[in-house]
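Read off the chains here:
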Amino acid sequence: MQLARPQRPARLISLVSMIDVLLIMLVFFMVTSTYLNLDMIPVAENTDETPVATPQGAAGAVLLVRLGSDGQSYLRGQPVDVAALAARIQANPDLAITILPSLRASTQSLVTLMDGLTGAGAGRLRILQVDAP
């Protein structure tokens, strides 16, 4: 003969106290943490100097290269390859280069262009992205 043992009721774990503790910790960390100040990351240097127009081959000239959505580089509206830009940089190593990538240009095409320019000796690269389409 087997005796029927009374079943113990299942123990319930109350989550209310754990939720209270987590809420208090969340509020504590939100109040005591410091937020990232995005102004401390310089995107482009602001200078009070007025830009001076220089001839194309002069030292300190700026070369504006547009990177299209297809990955093609354009100089003054004409398609140009990285080898031609590299030859221009080797002729004038003090040339400052500003790259204007399209909003639809791939990151790989931008990195390939930058790698080719720095491999040719460009030391002054700047990337500007216009937000408007």
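Our structure's up above, just so we're on the same page.
Here the residue numbering is sequential within each chain, running from 1 through the sequence in written order. Reporting in this predicted model follows two pLDDT cut-offs: at least 70 for local features of residues, and 80 or more for side-chain atom pairs to be given and counted; totals over whole chains, interfaces and linings ignore these cut-offs and use all residues. Only hydrogens and water are removed before side-chain values are computed, so all heavy atoms of the structure are retained for them.

### Here's the deal with helix H3 (residues 107-119)
Right, on to step 1. Put simply, DSSP H or I for four residues or longer makes a helix, DSSP E for two residues or longer makes a strand, and each gets a number counted from the N terminus. To estimate how far a helix should extend, the number of its residues minus one is multiplied by 1.5 Å. Relative to the 18 Å expected for 13 residues at 1.5 Å per residue, H3 spans 18 Å between its end C-alpha atoms, a close match to the ideal helical length.
Right, on to step 2. Burial classes follow relative accessibility: with a 1.4 Å probe on protein chains only, a residue under 20% of its type's maximum area counts as buried, one over 50% as exposed, and anything between as partly exposed. Listed in full, the buried residues belonging to H3 are Ser-109, Leu-110, Leu-113 and Leu-117. Viewed along the axis of H3, the buried residues span an arc of 100 degrees, placing them on a single side of the element. What points out from H3, more than 90 degrees from its buried face, is the exposed set Thr-107, Gln-108, Asp-115 and Gly-119.
Right, on to step 3. Those residues of H3 hidden inside the fold are in contact with strand S1 (62-67), strand S2 (73-75), helix H2 (82-91), strand S4 (96-101) and strand S5 (124-127).
Right, on to step 4. Gly-121 lies just past H3 and shows a positive phi near 110 degrees. What the arc describes is the spread of directions from the helix axis to the C-beta atoms. Note on definitions: a residue-residue contact is assigned when non-hydrogen atoms from the two residues lie within 4.5 Å.

### Quick notes on the sheet that holds S2
Right, on to step 1. Pairing between two strands requires that DSSP report at least two bridges joining them. What the five strands build is an open sheet, ordered S3-S2-S1-S4-S5; its pairing is mixed. Of all strands in the sheet, those bounded by a partner on one side alone are strand S3 (78-80) and S5. In this sheet, neighbouring strand axes are inclined to one another by 35 degrees on average, regardless of whether the strands run parallel or antiparallel.
Right, on to step 2. Relative to S3, S2 runs antiparallel, the two being bridged by three bridges. A fitted line through C-alpha atoms serves as each axis, taken over the contacting stretch for helices, and the angle formed by two N-to-C directions is quoted from 0 to 180°.

### As for the packing of aromatic side chains
Right, on to step 1. Any Phe, Tyr or Trp ring, taking Trp's six-membered ring, that has another such ring centre within 6.5 Å forms a pair; planes under 30 degrees apart are called stacked, those over 60 apart edge-to-face, and the others tilted. Following the criterion strictly, the structure yields one aromatic pair and no others.
Right, on to step 2. With centroids separated by 5.4 Å and ring planes inclined at 65 degrees, the aromatic side chains of Phe-28 and Phe-29 adopt a geometry described as edge-to-face.
Right, on to step 3. Note on Phe-28: relative accessible area 48%, which makes it partly exposed.

### So, the nonpolar core
Right, on to step 1. Membership of the largest hydrophobic core comes to 18 residues, with the highest contact counts inside it found for Leu-63, Val-65, Leu-85, Ile-97, Leu-113 and Leu-117.
Right, on to step 2. Elements with a contribution of two residues or more to this core: S1, H2, S4 and H3.
Right, on to step 3. Setting aside anything within four residues of it in sequence, one finds Leu-117 in contact with Leu-85, Ile-89, Ile-97, Ile-99, Ala-122 and Leu-125. We call a set of buried residues a nonpolar core when its members are Ala, Val, Leu, Ile, Met, Phe, Trp, Tyr or Cys and they connect through side-chain atoms within 4.5 Å of each other.

### Here's the deal with the side chain of Thr-98
Right, on to step 1. Position of Thr-98 among the secondary structure elements: in strand S4.
Right, on to step 2. Judged by relative accessible area, which is 11%, Thr-98 ranks as buried.
Right, on to step 3. What Thr-98 contacts, discounting residues up to four positions off in sequence, is Val-62, Leu-63, Leu-64, Val-65, Arg-126 and Leu-128.

### Focus on a nonpolar patch on the surface
Right, on to step 1. Residues enter patches when their relative accessible area tops 30% and they take part in no salt bridge; the joining distance is 9 Å for like charges and 5 Å for the nonpolar side chains Val, Leu, Ile, Met, Phe, Trp and Tyr. Calculation of accessible area relied on Shrake-Rupley with a 1.4 Å probe; when residues are assessed, cover is drawn exclusively from the protein chains displayed. Basic side-chain nitrogens of Lys or Arg form a salt bridge, by our definition, when they fall within 4 Å of a carboxyl oxygen of Asp or Glu. Together, Ile-13, Leu-15, Met-18, Ile-19, Val-21, Leu-22, Met-25, Phe-28 and Phe-29 make up a nonpolar patch on the protein surface, roughly 950 Å² of accessible area in all.
Right, on to step 2. Checked against the element boundaries, Ile-13 lands in the segment before helix H1 (16-32).

### A short note on the pairing of S5
Right, on to step 1. Of the pairings in the sheet, the one linking S4 to S5 comprises four bridges and is parallel in character. Its bridge partner lying in S5, Ala-96 is registered against Arg-124.
Right, on to step 2. For the handedness criterion, the strands are oriented away from the viewer, and a crossover whose path from the first strand over the helix to the second runs clockwise is classed as right-handed. Considered for its hand, the β-α-β crossover made up of S4, H3 and S5 is right-handed.

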